[in-house]
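Listed below, chain by chain, are the residues.
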Amino acid sequence: EAEPAPSLAMPRITQWLAVLCACIAAASAFSPSLNSPLKPQFSSCRKSQCVPSSPGYPGRSLFARSTSKSPLRMSTMENVDGVVDEEVERMKKSSKFDFTKQWYPLAVPAFLDHKKPQAVQLLGRDLVIWRDTVEGKWHVFDDACPHRLAPLSEGRVEEDGTLLCAYHAWRFDTSGKCTSMPHAMAGTEQQLTSTPPSCAISYPSQERQGLLWVWGSPGAPGSDAALEAALKEPSVIPELDDPALEGRVRAYHWNIRDMPYGWDYFNENVLDPAHVAVSHHGLVGSRYDGQPVSYDQSRALTAEGGFALKIKFGSEEKIAEQQKTGLMPEMEFVPPARVTQRNTFKGGGQMILALYSAPTRPGWVRHIGCNIIIKGEDGKVPDGLAFFSISMPMWLSHITASLFLHMDMVFLHHQEKILAARGYKNEKGGKGDYNEIVHTPTEQDLGVTMFRKWLQYSCEGGVPWAPGSEEMPPRERNNDQLFDVYHTHTKNCKVCQTALKNFKRARFTLFAAAFAVAAFFKGVTALVGGGLLALSGLLLGKIINMFYHYPFQHAYND
Ligand code: FES
Ligand SMILES: [Fe+2]
């Protein structure tokens, strides 16, 4: 089903495309669009939604800077450990973070085919997402029929509002209860379908802010687990529900990708601002303009609340001004699934990058992201962000996300395997001290260190993968395999599927027209007309390729 892969070196026309899209994708992994199905929702902010705060925590500068005339003092990891250690001691004494009692964003319903149940994973469990035809709600079950464990994701959504296992036609209602067992002897069906072993195992789920959230452990409606899930808020984006910001929030549509590296490597990547200009050279800054990065801690590290850091980057004058005005960029980690990067501007405007991640299975993460602009109190988009108000087709922002994501992807895939080979096992009960294996002598890695300390001391080493879940896949030596876009996004995105179908039709039409012009006209008309049509078809082919595969190498990114 995949188109032939382009050569590993960035093709010239793709480079041209990259240049076109560079400014669009710049400063964000995901490009904004006004064609958004995600509408800001305004409701009163429930208290449990707020990140647990640390009473009396004033925020602190982790490392005093030298006088403005002296060079910046680069802090050593010893300092970092010293600061983090206070919080580590607290985490050691506090209760542990329970991954199974959390909400995870696992899908964007607007992109899903309503007719087909979808296979997904969470915490190493195989799940199926399906939408009933009566109430139009999404439901999540274990992806194994209780009969003989055939995957329900290979089943069918039926018109009576049930999910039908396509192997022997048992049917399940939205709660998981078996409603039909067609091969049961006459008079026994009702009794047989009503027993608990005949039920599909269901998970609490809910739609919020355009995402489908799934609870990390099973719970049929009415069960204690379902009640516990109902009492906890998913870590939605507070600004989208803040009535005080009504009329000022411009939220853009979601983007979703399965990435071939672990959930923890995704988070350390987005908590590492120092890599941005280097790894994303040409899109965001230059790899040759490295500057010291340091932080003020704005929220203490806790098991349930994660942490937040204000980022100090650039000249001392700029940092001093940002500190004075409170306009410092901030990144926050809200376990288990959200990292938010916030830039605040004069007049109250903000640009927020919401970066969600769900631990699907070992060695893989499902990433869902969204870019949000909050207009200033005067109702204007902050200076320099007007560009982000430009309308962009959803499919284009989906395929151009590869330009950004693939710049880090190869690093993260291999880092995970290299660290594993050196003794760091990133799962619950796993062995190895991350900070003893890597060498992080500067303060630039503070976000990564805090995240890893949180994982080590609040989570006993990492994700508690479900019993029987698969092992982390081996290191992929052929990097070209990692650049797959089709199976990690396009295949399950109906927006991209529709665009792809239309582009293929258009390409066929262009080539047919080129052939007709060349055949029926003569001279310059045949040459120029046919040539232009054929060239357009070839260019379209390059766009079509981006739905399948997008290779990238830093060596060729000059
Ligand atoms: S395996 Fe599902 S009905 Fe038999
Ligand atoms: Fe898409």
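Rules used throughout
- Residues numbered from 1 in each chain as written.
- Chains lettered and ligands numbered in written order.
- Predicted model: local features only at pLDDT ≥ 70, side-chain atom pairs only at ≥ 80, totals over all residues.
- Heavy atoms only, no water.
- Helix = DSSP H or I, 4+ residues; strand = E, 2+ residues; numbered from the N terminus.
- Buried < 20%, exposed > 50% of the residue type's maximum accessible area, 1.4 Å probe, protein only.
- Contact = heavy atoms within 4.5 Å.
- Areas by Shrake-Rupley, 256 points an atom, 1.4 Å probe, with all protein chains shown as cover.
- Core = buried A, V, L, I, M, F, W, Y, C linked by side-chain atoms within 4.5 Å.
- Domains from an automatic or database assignment.
- Axes fitted to C-alpha atoms, helices over the stretch in contact; angles between N-to-C directions.
- Parallel < 35°, antiparallel > 145°, perpendicular 65-115°, else oblique.
- Nonpolar A, V, L, I, M, F, W, Y, C, P; charged D, E, K, R; others polar.
- Phe/Tyr/Trp six-rings, centres within 6.5 Å; stacked < 30°, edge-to-face > 60°.
- Donors = N, O, S within 2.8 Å, 3.2 Å for Na, K, Ca; no water.
- Tetrahedral: all angles 85-135°; square planar, octahedral: opposite > 155°, others 65-115°.
- Pairing = 2+ DSSP bridges.
- Disulfide = S-S within 2.5 Å.

**Student:** Go over the overall build of the chain with me, naming the residues and quoting the values.
**Tutor:** A tally of helices and strands in the chain yields twelve helices and 20 strands. Here the chain, with 558 residues, has 51% of them falling under the buried criterion. In the chain, 69% of the contacts between residues at least 6 apart in sequence involve partners at least 24 apart. Carbon and sulfur atoms form 57% of the exposed surface of the chain, whose accessible area is close to 25200 Å².

**Student:** Describe the nonpolar core, naming the residues involved and giving the relevant values.
**Tutor:** Among the nonpolar cores identified, the biggest contains 106 residues, and Phe99, Trp254, Ile372, Trp395, Trp454 and Phe547 are the most heavily contacted of them. A domain split of this core shows at least three residues from each of domain 1 (25–94 + 249–480) and domain 2 (103–230). Formed by 14 residues, the second largest nonpolar core is a distinct cluster that contains Val128, Phe141, Cys145 and Leu152.

**Student:** Go over the packing of helix H8 (residues 394–421) against helix H11 (residues 494–520), please, and point to the residues and values.
**Tutor:** The contact between H8 and H11 brings their axes to 9 Å, and the two run at 100°. Judged by the angle between their axes, H8 and H11 are roughly perpendicular. For the pair H8 and H11, the contacting residues are Met394, Trp395 and His398 in the first and Val495, Cys496, Ala499 and Phe503 in the second. The residue makeup of the contact of H8 with H11, split by class, is six nonpolar, one polar and no charged.

**Student:** Talk me through the packing of aromatic side chains; I want residue IDs and the actual numbers.
**Tutor:** Per the stated rule, a full pass over the model turns up 19 aromatic pairs. Each ring, one from Trp213 and one from Tyr356, has its centre 5.3 Å from the other, and the planes form 90°; the classification is edge-to-face. Pair noted here: Trp213 is in strand E12 (residues 211–215) and Tyr356 is in strand E19 (residues 350–361), with a separation of 143 residues, a long-range link. Between the aromatic rings of Tyr486 and Tyr548, the centroid separation amounts to 5.1 Å while the plane-to-plane angle is 10°, which identifies the pairing as stacked. Of this pair, Tyr486 sits in the loop between helix H10 (446–458) and H11 while Tyr548 sits in the segment after helix H12 (523–546), and the two are 62 residues apart along the sequence. On the basis of relative accessible area, Tyr548 is assigned to the buried category, the value being 4%. These aromatic residues form a ring-pair network of at least three members: Phe97, Phe99, Trp263, Phe307, Phe333, Phe451 and Trp454.

**Student:** Which residues make up the environment of Ala308, and what values go with them?
**Tutor:** Among the structural elements, Ala308 can be located in strand E16 (residues 306–313). For the pair Ala308 and Leu271, spaced 37 residues apart in sequence, the C-alpha separation works out to 9.8 Å. With residues near it in sequence (within four places) discarded, Ala308 still touches Gln297, Ser298, Arg299, Glu330, Met331 and Glu332.

**Student:** Run through the coordination of the iron ion (ligand 2), naming residues and quoting values.
**Tutor:** Protein coordination of the iron ion (ligand 2) is provided by His398 (ND1), His489 (NE2), Cys493 (SG) and Cys496 (SG), with donor distances spanning 2.0 to 2.3 Å. Geometry at the iron ion (ligand 2) is tetrahedral, judged from its four donor atoms and the angles of 96 to 119° they form at the metal. Summarised as a motif, the one-chain spacing of the donors to the iron ion (ligand 2) is H-x90-H-x3-C-x2-C. Here His398 is found in helix H8, whereas its partner Cys496 is found in helix H11, with 98 residues between them in sequence. Cys496 matches His398 in its accessibility class, with the two residues each being buried.

**Student:** Break down the sheet that holds strand E2 (residues 103–107) for me, citing the residues and quoting the values.
**Tutor:** Read from one edge of the open sheet, three strands run E2-E12-E11, paired in antiparallel fashion. Strands at the two margins of the open sheet, each flanked by one partner only, are E2 and strand E11 (205–208). Going from strand to strand, the sheet's axes swing by 40° on average, the running direction of each strand aside. By the bridge criterion, four bridges tie E2 to E12 in an arrangement that is antiparallel. Following the sheet pairing, Trp103 is matched in E12 by Trp215.

**Student:** Quick rundown of the pairing of strand E20 (residues 364–374)? Include the residues and the values.
**Tutor:** Taken residue by residue, a regular strand's side chains alternate between the two faces of the sheet. Counting buried residues in E20 gives eleven out of eleven residues, a clear majority hidden from the surface. Because side chains alternate across E20, one face comprises the buried residues Trp364, Arg366, Ile368, Cys370, Ile372 and Ile374, and the other comprises Val365, His367, Gly369, Asn371 and Ile373, equally buried. In this structure, strand E13 (residues 249–251) lies alongside E20, joined through three bridges in antiparallel fashion. Residue pairing in the sheet places Arg250 in a bridge with Ile373 of E20. Taken together, the five bridges between strand E14 (residues 255–259) and E20 define a ladder with antiparallel strand orientation. Considered in E20, the bridge of Arg257 is made with His367. Where E19 meets E20, eleven bridges bridge the pair, whose relative direction is antiparallel. Among the inter-strand pairings, Leu355 is bridged to a residue of E20, identified as Gly369. The turn joining E19 and E20, which pair antiparallel and follow one another in sequence, is formed by two residues; a positive phi near 85° is taken by Gly363.

**Student:** Outline the state of the cysteines, listing residues and values.
**Tutor:** Counted by the stated rule, this structure contains zero disulfides. Note on Cys178: no disulfide assigned, nearest cysteine sulfur contributed by Cys199 at a separation of 7.4 Å.

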